[in-house]
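If you want the building blocks of each chain, they are given just below.
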Amino acid sequence: MCEKNDIELSIIVPVYNESETITLFHERLITVLEQLSKSFEIIYINDGSSDTTLEILINLYVFDKHIKIINLSRNFGKEKALTAGIDYSSGQGIIPIDADLQDPPEVIIELVKKWEEGYDIVNAKRITRKGDSFIKKITARLFYKVIRSFSKMDIPDNTGDFRLIDRKAAEALKRLREYHRFMKGLFSWIGFKQTTVLYERAPRYAGKTKWNYLSLLNFAIDGITSFSHVPLRISSLIGVIVSLISFGFGIYFVFCILISGNQMPGYSTLIIIISFLCGVLLMTNGIMGEYIGRIYNETKHRDLYIVRDIFDAEADADAENDTTKVYSGNLNNTVLRK
Ligand code: UDP
Ligand code: MG
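This write-up is about the structure you can find in this document.

Cut-offs and rules
For every chain, the first residue of the written sequence is number 1, and numbering continues from 1 along that sequence. Working convention: letters from A go to chains and numbers from 1 go to ligands, in the order in which they are written. Totals for whole chains, interfaces and linings use every residue, but because this is a predicted model, local features are given only for residues with pLDDT of at least 70 and side-chain atom pairs only at 80 or more, for both listing and counting. Each side-chain value is derived from all of the structure's non-hydrogen atoms; neither hydrogens nor water enter the calculation. Numbering of helices and strands starts at the N terminus; helices are DSSP runs of H or I of at least 4 residues and strands are runs of E of at least 2. How far a helix is expected to stretch is found by multiplying one less than its residue total by 1.5 Å. Classification of residues uses two cut-offs on accessible area relative to the type maximum, computed with a 1.4 Å probe and protein chains only: under 20% is buried, over 50% is exposed, and between them is partly exposed. By arc we mean the arc of the directions from the helix axis to the C-beta atoms, nothing more. Distances are taken per atom, and a residue is near a molecule or strand as soon as one of its heavy atoms is within 4 Å of it. The definition of a polar contact used here is a pair of N or O atoms within 3.5 Å, where within protein one atom must be able to donate a hydrogen and the other to accept one, and adjacent residues in sequence count solely through side-chain atom pairs. Residue burial considers only the protein chains on display, and all accessible areas are found by Shrake-Rupley using a 1.4 Å probe. The residue classification treats Ala, Val, Leu, Ile, Met, Phe, Trp, Tyr, Cys and Pro as nonpolar and Asp, Glu, Lys and Arg as charged. All others, Gly included, are polar. Coordinating N, O and S atoms are those within 2.8 Å of the metal (3.2 Å for Na, K and Ca), and as water is not part of the atoms, a site may appear to have fewer donors than expected. Salt bridge, as applied in this entry: a Lys or Arg side-chain nitrogen positioned within 4 Å of an Asp or Glu carboxyl oxygen.

A word on helix α5 (residues 134–151). Over its 18 residues, α5 extends 26 Å from the first C-alpha to the last, a length consistent with the 26 Å expected when each residue adds 1.5 Å. If you check which residues of α5 are buried, you get Lys-136, Ala-140, Phe-143, Tyr-144, Ile-147 and Ser-151. Each buried residue of α5 lies within a common arc of 95° when the element is viewed along its axis, so the set occupies one face. Exposed residues on α5 whose side chains face more than 90 degrees from its buried face are Phe-134, Ile-135, Arg-141, Leu-142 and Lys-145.

Written as structure tokens, this is what we have:
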């Protein structure tokens, strides 16, 4: 990919069915970026939207030379869309931001200030989670507690993907090509000099969140299993504890028989113990299965995302014979399409 060092800031915006918000978002973003007097590019990653998002983006692109559009071949999910954006960015500072105006573009000014003080990653931490339900707030807090203690990594809570990443940190991130991508964890894992800026998270401007409780649960399991083996240990530990309890029961029953001389009438006890043990076995199998499933997915080495089209006026002008780059998400696999 071409590295254009004259671009100072790359703004990365994954978009999935955001037709109601995208124009207003772009206006607000441009107003902020123009105050900064830095050269910039805005990379919109269309993550398989099924509404008019792409058409609106193309209309914006025609009039604004700062815009690039990476149109993915289908919906790959936000984490992969973000990865595509980082792969294609060429700025010295990279800012992933949501298109629904929950991450206010005005905070970018603060992020840049901290970056100029010498920090490599400036995280944006929400003071409030306006618009999130009570259950979402509680489960989010619990999730961060669990993942921090399991992974021994300082993954900041109430911090989404909105942050500023210096080019050197982004290059480190680009080398992590794991399929199950828990970006917040990866941002922490790479280390570097990090700091935090606080901001008020706004409610979604329009449209609906793409998350439901099932996808959030999957996301949480992805996060925990990507960064920790503790669940496997816990399942072994449960195995040991249950075996010890059964052993204890065994001795107790033998004594009872020796003392009373009778068989114990224990039909219901038996049912309870068997179903309890089956539950424990299934649960530990399930935990193991989570890890095996992930190993299976990682060993396939599939591309993280597939690009259908790229709209990049500058690259088009540079390209000879009207060739456009087609990129498959595998860093070594860039091909040219006529
Ligand atoms: N998004 C995406 N692909 C998806 C889901 C979401 O690119 O499969 C984008 C979405 O358009 C938005 C950002 O990711 O710009 C955050 O999504 P959302 O608001 O649904 O998440 P939440 O803010 O509720 O965590
Ligand atoms: Mg949102």
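The next thing to look at is the site of ligand 1. Lining the immediate environment of ligand 1, one finds 18 residues, of which Glu-18, Asp-47, Asp-100, Thr-209 and Lys-210 sit closest. Between ligand 1 and Tyr-16, the relevant distance is 2.9 Å, taken from an oxygen atom to a main-chain nitrogen or oxygen of the residue. Side-chain polar atom of Gln-102 to an oxygen atom of ligand 1: 2.8 Å apart, as the coordinates give it. In isolation ligand 1 offers 530 Å² of accessible surface; the protein chains occlude 91% of this area. For the shell around ligand 1, the class distribution of residues is five nonpolar, four polar and nine charged.

Donor atoms from the polypeptide that coordinate the magnesium ion (ligand 2) comprise Asp-100 (OD) and Gln-102 (OE1), at 1.9 to 2.0 Å from the metal. For the pair Asp-100 and Gln-102, one class covers both residues: buried.

This brings us to the pattern of salt bridges. Taken as a whole and judged by the stated rule, the model has 16 salt bridges. Ionic pairing is found between Lys-78 and Asp-98, a salt bridge with its closest N-O pair at 2.8 Å. Residue Lys-78 is located in helix α3 (residues 78–88), and its partner Asp-98 is located in the loop between β4 (93–96) and α4 (107–116); the two are separated by 20 residues in the primary sequence. A network of salt bridges, in which partner residues are shared, links Glu-8, Lys-38 and Glu-116.

Keep in mind these values describe shape, not function.
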